[in-house]
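The primary structure of each chain is shown beneath.
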Amino acid sequence: MYFWKISGCKLKYFYTKVTLIFVIGWVFVSCNSLNKGTDKRALLSKNKIVIDGKSANRVEMLEIPLQQPNEKILGYRLQLGMYNLAIDKPDSLYYKWLERHPKNKNFLDVVLSEKQTYRIGESFMVSGWNNMLKEIGEPPRYLDSSKIALSNKRFENYFARRGYFNAVATSEVTYSKNKRNATVEYAIEKGNLYTIDSVDVEIESPTLKPLYEEVKPLSKIVKDEPYLLKSLEDERERLTQHFRDKGVYNFQTNNVTFEVDTVNTGQKANVKILIKDRLLLVGDSTKSMPFEIYRIGKINVFTEDPSDESDKKVVDSTSFDGVDYYSFGKLSHRPKALSKAIFIKNGGLYSDAERNRTTRAFSNLKVFQYPSIQYVEDESAESPLLIANIFLKPKEKYSFTSGFNVIHSSIEDIGFTFNTSLAIRNVLKGAEIFEVSGRGNIGSSKDFSRDESFFNISEYGLEAKLRVPRLITPIGFRKWVPKRMFPETLLSLGFFKQQNIGLDKQNLVGLLSYNWQPKKKVRAQFDLFNVQYIRNVNKSNYFLIYRSSYESLNAVAKNNNQNMSYVDANGNLIVESGTNGFIDDVLNFRTGLSLADNGYQEVRAVNERKQRLTEDNLIVATNFQYAISSREGIKGEEDYFEFRTKIESSGLLLSLLSRFDASNEGLEQNRKLYNVDYSQYAKIDLEYIKHWDLLKRRVVAFRLFSGIAVPYGNSTNIPFSRSYFGGGANDNRAWRPYGLGPGTSGSVNDFNEANFKLAANLEYRFKIYNNFLGGLFVDAGNIWNLWDDIQDEEYQFKGLRSLSDLAVGSGFGLRYDFDFFIFRADLGFKNYDPSNRVKPKWNKLYSFDKSVINIGINYPF
């Protein structure tokens, strides 16, 4: 994530000119959207839908007509205008130009050649440019009367599927004064709604009758409810799934049909469900046979797929828990581990659900390609039996990846990052995956490093992870998370070190985490131990990095310092002897400042922040995360919602251990463990996301977030790494990262953070052309201090009245879809700045010189 802030008075006029040129160009292209003068046909400009005399221009309705108007972007037919800018037969125009200007042709013949002169007509400058405009643009959509009649039929069919069998659709075309644009109004009279009067069923196979009775009360077709064709389709799917999950292996969707009688029924529909016998092809004829219920007679697992090499022979085999395992080489996977992914039961009924669950479980192991499960009827058995063959194709045991990036950030003027990882699959023969990864970064920074060499900052790290596809935990916990929830355990350990970056942090992290899926759309994660030890090696860098703290301290020293050895020739405090010396003098009342003086309070606040951000810290947290999502696709371009929550507690275990340390005797706070401060806090995050699909890659996205972390026991504040910040590409995009809040303080620190956060985001996303996307957004939110050691009222959350401190920003963004990720650039403008001391705080003007560009990967919500 990177950001750039555009500022400076000189840039204001530049951006004004750019905006003016952009608007003029937009209007010019939009005005050119009319059809060209040589074509007298009318453009379809709009479809209007009227149902029973009332306007119904809903998105779903507007998609029914076969012919749609040209796409609009922010109200303008931009793509049509670009298409019309293209010249018809540009090469012919070029050749005619050569004929009219023989001198120019002779000149080109001499400079190029006669052949090359004529080939210019095929070049990009002549033909290529026009082809590009046509490709980017959209051809005019002229009114087609034949499609209007078909669209009327589509409307009637649409309502007939919803119980309005007598719906009638008519249409009327109106033209603009110049006859260049046409509007089609579709008027639909729905008529009376038909309801279900009776539901009968006719089943030919005796074995299916008791199975139907099991689920009859759950029927989607209900007496006295409106007739909906979707209800019939849902009932067909429901019965098919039920029968196939109960062993009816050969049952298909087309075995369920319906007869609907609406003749002389008085707006009533009598529905008959027909479930016929199985049809078999015998020679040139077919015969019907009753359906039978199949059981699983045998399960075979082949740990290598022989389909590519049919001449392979099994050389190793074994059995475990009623399943036979075969391999065309030495068996490399423990059968006990593989059995946890098999939900097909030997001797049990055939079930689609168990087959799909088995497929999913083997895919989740991530050590096999997509598995293939094939069933074969056992012709030697007296009763209907199936042999289940599971074919597994292992992935490569070793995989190596590496990457390289060039970055720019608020700290690095330019930087180069390198990362690499090695994954070893099936490392313990139980489908485990062991991964070792490393990353490094070298960069250049003029402002944040004392080293004068070009590459003067660096960072590197090493991490090891072990993923186990089962729970490594006491037996009791496993009963709560059965294998149908696809449990897994993740263990990781990592070390990361910075040099000449900030305070040269050294980070040691460890994790023991459990993940499972209680339901199809639900995910749960429990981090039993989430450990982070932070050691700041170069604490003397504090005032070089946090310049706002230095400037605040230096301002007080200008009027109150009495020790000239603390300052340089310009009268500024020397880092670090002068800054530390002056703080010590003020806090020990050697400068004349008293507790009541603002200068004393300012110095004390600077010192407290310095101590907080430079202290070494040990965090041993336990957290639980729970997420519900109705999302189906990858890109989120459909109706769905997500709800996520995270509850975290830190320090309970360390608090117990610290009581055995004699040095902590009598202390209620600031206790240490092995001479290291440890944190105690409780934290909860709540997040809700909702998407509305407006079709044609148009989406309205909404996000609401709230989080609070409360220190207790050994702590009076929250560790920096666990606190909240405002601004940036994934938050309020009118502010830079860490540039918003807390409260109305005005973001006086370099990295502003707090322990309470509220945020809301609303965004309209739309397609511009091909993979180019656009977005309009409004963001609101802020951070505050609550129930910690910050006493400044500007920083604190003071109940509902603090909601007036919510900052509001808006803007627009340009995105490009690379299929596997989306690159986005968002330009944000501050509309309401709670830190503005001048009323009104609302800014109605969009000033480019005060805007912020945020660059991000993928959507923030």
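Note that the coordinates shown come from a computational prediction; the quantities given were computed from them, not determined experimentally.

Quick notes on the rules
- Residues numbered from 1 in each chain as written.
- Predicted model: local features only at pLDDT ≥ 70, side-chain atom pairs only at ≥ 80, totals over all residues.
- Heavy atoms only, no water.
- Helix = DSSP H or I, 4+ residues; strand = E, 2+ residues; numbered from the N terminus.
- Areas by Shrake-Rupley, 256 points an atom, 1.4 Å probe, with all protein chains shown as cover.
- Pairing = 2+ DSSP bridges.
- Patch = residues over 30% accessible without salt bridge, like charges linked within 9 Å, V, L, I, M, F, W, Y side chains within 5 Å.
- Salt bridge = Lys/Arg side-chain N within 4 Å of Asp/Glu carboxyl O.
- Axes fitted to C-alpha atoms, helices over the stretch in contact; angles between N-to-C directions.
- Parallel < 35°, antiparallel > 145°, perpendicular 65-115°, else oblique.
- Left-handed = near helix turned anticlockwise from the far one by under 90°.
- Contact = heavy atoms within 4.5 Å.
- Buried < 20%, exposed > 50% of the residue type's maximum accessible area, 1.4 Å probe, protein only.
- Lys, Arg positive; Asp, Glu negative; His and termini not counted.
- Polar contact = N/O pair within 3.5 Å; in protein donor to acceptor, adjacent residues only side chain to side chain.
- Phe/Tyr/Trp six-rings, centres within 6.5 Å; stacked < 30°, edge-to-face > 60°.
- Core = buried A, V, L, I, M, F, W, Y, C linked by side-chain atoms within 4.5 Å.

1. Details of the overall build of the protein chain
Helix and strand counts for the protein chain stand at 18 helices and 33 strands. Total accessible area computed for the protein chain in this model is approximately 46,300 Å², and 56% of it derives from carbon and sulfur atoms.

2. What to know about unusual backbone geometry
A cis amide bond links Val575 with the next residue in sequence, Glu576, at an omega value of 15°. The topology assignment puts Glu576 in the loop between α15 (547-560) and α16 (577-587). Gly741 connects to Pro742 through a cis peptide bond whose omega is -5°. Within the secondary structure layout, Pro742 lies in the loop between β28 (699-711) and β29 (756-769). Phi is positive for Lys179, which is not a glycine, with a value near 65°. Tracing the backbone shows Lys179 in the loop between β4 (168-175) and β5 (181-189). Here the phi dihedral of Asp504 falls at roughly 55°; this positive angle occurs in a residue that is not glycine. Within the secondary structure layout, Asp504 lies in the loop between β20 (488-499) and β21 (505-519).

3. Notes on the pairing of strand β24 (residues 640-650)
Two elements, strand β23 (residues 617-629) and β24, share nine bridges in a ladder whose sense is antiparallel. In the strand pairing of β24, Ile628 is matched with Phe643. As paired strands, β24 and strand β27 (residues 681-693) are joined by 11 bridges and run antiparallel to one another. Bridge assignment links Phe643 to a residue of β27, and that residue is Tyr688.

4. With respect to a nonpolar patch on the surface
Side chains of Phe404, Val406, Ile414, Phe418, Ile442, Phe454 and Phe455 sit close together on the surface and give an oily, nonpolar patch of about 650 Å² of accessible area. Those elements giving two or more residues to the nonpolar patch turn out to be β16 (398-407) and β17 (414-425). Inspection of the secondary structure puts Ile442 in strand β18 (residues 433-444).

5. Focus: the packing of helix α9 (residues 208-215) against helix α10 (residues 229-245)
It is the contact of α9 with α10, at a shortest axis distance of 10 Å, that shows an interaxial angle of 120°. The pairing of α9 with α10 is recorded here as oblique in orientation. Handedness of the crossing formed by α9 with α10: right-handed. Only Arg238, Leu239, His242 and Phe243 of α10 make contact with α9, whose side of the interface consists of Leu208, Leu211, Tyr212, Glu214 and Val215.

6. A closer look at the side chain of Asp277
With respect to the secondary-structure elements, Asp277 resides in the loop between β8 (268-275) and β9 (278-282). Lys276 provides the closest opposite charge to the buried, salt-bridge-free Asp277, at an N-O distance of 9.1 Å. Separated by 2.5 Å, the side chains of Asp277 and Ser205 make a polar contact. Every residue in contact with Asp277, bar those within four places of it in the chain, is listed here: Glu204, Ser205, Asn255, Ser288, Met289, Pro290 and Phe291.

7. Here's the deal with α16
The set of residues buried in α16 consists of Gly578, Thr579, Gly581, Phe582, Ile583, Asp585 and Val586. On its buried face, α16 is in contact with α14 (542-545), α15 and α17 (598-614). Downstream of α16 by a residue or two, Phe589 has a phi angle that is positive, lying close to 60°.

8. Notes on the sheet that holds strand β12 (residues 316-320)
Read across the open sheet, the five strands follow the order β12-β13-β11-β15-β14; overall the sheet is mixed. On the outer flanks of this sheet lie β12 and β14 (372-377), each paired with one strand and no other. The average undirected angle you get between the axes of adjacent strands in this sheet is 20°. Across three bridges, the pairing between strand β11 (residues 295-302) and strand β13 (residues 323-327) is parallel. Each bridged residue has a counterpart across the sheet, and for Asn300 the counterpart in β13 is Asp324. Strand contacts of helix α12 (residues 352-365): β14 and β15 (385-391), with the helix running at about 145° to β14, the strand carrying the most contacts.

9. Structural notes on the packing of aromatic side chains
In this structure the tally under the stated criterion is 40 aromatic pairs. On the numbers, 4.9 Å between centres and 80° between planes, the contact of Phe165 with Tyr194 is edge-to-face. With Phe165 in the loop between α8 (145-160) and β4 and Tyr194 in the loop between β5 and β6 (195-203), this residue pair connects regions lying 29 residues apart in the sequence. On the basis of relative accessible area, Tyr194 is assigned to the buried category, the value being 8%. Relative to Phe391, the ring of Phe302 has its centre 5.0 Å away and its plane inclined at 15°; by these criteria the two rings are stacked.

10. A short note on the environment of Ser679
Relative to the helices and strands, Ser679 is located in the loop between β26 (676-677) and β27. In this structure the C-alpha to C-alpha distance between Ser679 and Ile619, which are 60 residues apart in sequence, comes to 5.7 Å. Residues in contact with Ser679, not counting those within four places in the same chain, are Asn617, Leu618, Ile619, Ser650, Gly651, Ser715 and Pro719. Here Asn617 takes part through its side chain, which lies 2.7 Å from a polar atom of the side chain of Ser679.

11. Details of the nonpolar core
Ile342, Ile344, Phe362, Tyr375 and Ile390 are the most contacted members of the largest nonpolar core, which totals 27 residues. Aside from chain neighbours lying at most four places away, what touches Ile390 is Ile299, Asn300, Val301, Phe302, Ile342, Ile344, Thr358, Phe362, Ser372 and Ile373. Leu503, Val586, Tyr600 and Phe751 belong to the second-largest nonpolar core, a separate cluster that totals 21 residues.

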